Amino acid sequence: MPKTIFVINPNSTQAVTDAFDEALNVLRVPGGPVIASLTLAEGPPGIQSQMDVEQVTLPLVRLVQSLDAKHGDAAGAYVVACFSDPGLHAVREATTKPVLGISECGVLTALTRGHRVGVIAILRQSIPRHGRMFGAMGLTQRVVAEVPLGMNVTDLIDTDRTRAGLLRAGQELRDIHLIDVVVLGCAGMAAHRAWLEQQLGIPVVEPTQAATSMAIGRTLLGW
């Protein structure tokens, strides 16, 4: 019986879940783990501040504990699908299954695709929070720049505005900061990865895909 990888959107905006769920279709292969995308109903519309991060931690823990209780060994791994990696370490304490955060996995994947990494954030106020995370990972010399879209999570449903912002930010990272690889700094940007990579001519990492692909590997290998 194939195991299930649960990919959890900690905000309550279903459009974000739908966007990354579609981007994960390429990883749904015969004989592989089932990939189930979930939305945390208690979450705010977007994880945009440290307060938002803190308020979803315990609900995420409770959700994972309930999934563990319901599915047992059939639950193969959990992915926290928000670029702030909210509740990551608390959830890891709450289960024996692998728990992966998309920020951590997205940046680690980017390190294998280029030396100078740049991130596209949704808001300017997200950048210090992300910077603390990169600092804790010891990667401040590799993650060299982050540029915001100036859009809320819920604004990402506007495809034209989102793509215009992504292109502007990506070109700034490439041409001014001389980065080699871009990481999309929000799960709600998932639908635009291939388009942006084609426009920029450099690798673009979608972090939910990165984290889920790692979860698949760990599930199949039994790590």
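Structure: above.
Residues numbered from 1 in each chain as written. Predicted model: local features only at pLDDT ≥ 70, side-chain atom pairs only at ≥ 80, totals over all residues. Heavy atoms only, no water.

**Some details on the pattern of salt bridges**
And step 1. Applying the stated rule across the entire model yields six salt bridges.
And step 2. Salt-bridge contacts for arginine 193 lead to glutamate 197; the nearest nitrogen and oxygen are separated by 3.0 Å. In this pair, arginine 193 and glutamate 197 both sit in helix α7 (residues 193-200), four residues apart, roughly one turn of the helix.
And step 3. Judged by relative accessible area, glutamate 197 falls into the partly exposed class, the value being 24%. (Salt bridge = Lys/Arg side-chain N within 4 Å of Asp/Glu carboxyl O. Helix = DSSP H or I, 4+ residues; strand = E, 2+ residues; numbered from the N terminus. Buried < 20%, exposed > 50% of the residue type's maximum accessible area, 1.4 Å probe, protein only.)

**Notes on the packing of helix α6 (residues 159-175) against α7**
And step 1. Packing of α6 against α7 brings their axes to within 10 Å, and their N-to-C directions diverge by 45 degrees. Overall, the two elements α6 and α7 adopt an arrangement that is oblique. Here α6 and α7 pass one another in a crossing that is right-handed. For the pair α6 and α7, the contacting residues are Arg163, Leu166, Leu167, Gly170, Gln171 and Arg174 in the first and Trp195, Leu196, Gln199 and Leu200 in the second. (Axes fitted to C-alpha atoms, helices over the stretch in contact; angles between N-to-C directions. Parallel < 35°, antiparallel > 145°, perpendicular 65-115°, else oblique. Left-handed = near helix turned anticlockwise from the far one by under 90°. Contact = heavy atoms within 4.5 Å.)

**Re the packing of aromatic side chains**
And step 1. For the structure on display, the rule yields two aromatic pairs.
And step 2. A centroid spacing of 5.8 Å and a plane angle of 20 degrees characterise the contact between phenylalanine 6 and tyrosine 78, whose relative ring orientation is stacked. Here tyrosine 78 lies in strand β3 (residues 75-80) and phenylalanine 6 lies in strand β1 (residues 4-9), a separation of 72 residues in the sequence.
And step 3. On the numbers, 6.4 Å between centres and 70 degrees between planes, the contact of phenylalanine 83 with phenylalanine 134 is edge-to-face. Of the two residues, phenylalanine 83 is situated in the loop between β3 and α3 (88-94) and phenylalanine 134 in helix α5 (residues 126-136); the sequence distance between them amounts to 51 residues. (Phe/Tyr/Trp six-rings, centres within 6.5 Å; stacked < 30°, edge-to-face > 60°.)

**Thoughts on the sheet that holds strand β5 (residues 117-121)**
And step 1. What the four strands build is an open sheet, ordered β6-β5-β7-β8; its pairing is parallel. Either end of the sheet is taken by a strand with one partner, and the two such strands are β6 (143-148) and β8 (204-205).
And step 2. Of the pairings in the sheet, the one linking strand β7 (residues 181-184) to β8 comprises two bridges and is parallel in character. Each residue of the ladder has a partner; that of valine 182, found in β8, is valine 204.
And step 3. Docked against the sheet, α5 engages β5 and β6, running at close to 160 degrees with respect to β6. (Pairing = 2+ DSSP bridges.)

**Some thoughts on the sheet that holds β3**
And step 1. The sheet built from four strands is open, its strands ordered β2-β1-β3-β4 with parallel pairing. Strands at the two margins of the open sheet, each flanked by one partner only, are β2 (34-39) and β4 (99-101). When strand polarity is set aside, the average angle formed by the axes of neighbouring strands in this sheet is 20 degrees.
And step 2. Of the pairings in the sheet, the one linking β1 to β3 comprises five bridges and is parallel in character. What sits directly across from isoleucine 5, in β3, is alanine 77.
And step 3. Helix α1 (residues 14-23) contacts β1 and β2 of the sheet and is inclined by roughly 165 degrees relative to β2.

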